[in-house]
Amino acid sequence: MQEEIREANGGQCGAVMTGATQSPALRQYVRQIAGITVHTRIEGIGTRTRHVFERGEIAFYPVGGVKGKENLHLRFQRPAADR
């Protein structure tokens, strides 16, 4: 699999999206990713050192704020009968 990705990528092996070229919806979300953090713990000694996955985080770019004097809390309030 890695060799197929390397060939498709012109001999370079970096971050590659496979299968997402046919999915515009997925590509839209992937473009919003600011960074990915992987937390691991180290096990073993010397040449037997291994990184064991513990958890990961995906950070997205912030969404733009409201430019104006509109109070969104008032705009989206439920009617008094629903409260």
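Residues numbered from 1 in each chain as written. Predicted model: local features only at pLDDT ≥ 70, side-chain atom pairs only at ≥ 80, totals over all residues. Heavy atoms only, no water.

**Q** Help me understand the confidence of the model for the protein, please; the structure alone is not making it clear to me.
**A** Low-pLDDT portions of the prediction should not be read for the details of their coordinates. Overall, the predicted model of the protein reaches an average pLDDT of 76, with 60% of residues at or above 70. Here helix α1 (residues 2–8) stands out as the element of the protein with the lowest mean pLDDT, 60, in contrast to strand β1 (residues 33–43), whose mean of 94 is the highest. (pLDDT = per-residue confidence, 0-100. Helix = DSSP H or I, 4+ residues; strand = E, 2+ residues; numbered from the N terminus.)

**Q** Quick question: what am I supposed to make of a nonpolar patch on the surface here?
**A** Residues Ile36, Val38, Phe53, Ile58 and Phe60 make up a contiguous nonpolar surface patch of roughly 560 Å² in combined accessible area. Top element by residues in the nonpolar patch is strand β2 (residues 50–60). It accounts for 3 residues. Its location among the elements puts Phe53 in strand β2. Classification of Phe53 by relative accessible area gives exposed; the value is 55%. (Patch = residues over 30% accessible without salt bridge, like charges linked within 9 Å, V, L, I, M, F, W, Y side chains within 5 Å. Areas by Shrake-Rupley, 256 points an atom, 1.4 Å probe, with all protein chains shown as cover. Salt bridge = Lys/Arg side-chain N within 4 Å of Asp/Glu carboxyl O. Buried < 20%, exposed > 50% of the residue type's maximum accessible area, 1.4 Å probe, protein only.)

**Q** Help me understand the pattern of salt bridges, please; the structure alone is not making it clear to me.
**A** Opposite charge on two side chains permits pairing when their charged atoms draw close. Considering all chains together, one arrives at 2 salt bridges under this definition. With a shortest N-O distance of 2.9 Å, Arg41 and Glu43 are connected by a salt bridge. Looking at Arg41, the relative accessible area reads 37%, which means it is partly exposed. Of the charged contacts, one joins Glu54 and Arg41 as a salt bridge, the two residues approaching to 3.6 Å between their closest N and O atoms. Linking Glu54 in strand β2 with Arg41 in strand β1, this pair joins segments that are 13 residues apart in sequence. What makes Glu54 partly exposed here is its relative accessible area of 42%. When salt bridges with common partners are traced through the structure, they connect Arg41, Glu43 and Glu54 into a single cluster.

**Q** What is the right way to look at the pairing of β2 in this model?
**A** In the case of a regular strand, side chains alternate between the two sheet surfaces. One ladder, built from 10 bridges, connects β1 with β2; its direction is antiparallel. Counted as the bridge partner of Glu43 is Arg50 from β2. Between β1 and β2, which follow one another and run antiparallel, lie 6 residues, and Gly44 among them has a positive phi close to 95 degrees. (Pairing = 2+ DSSP bridges.)

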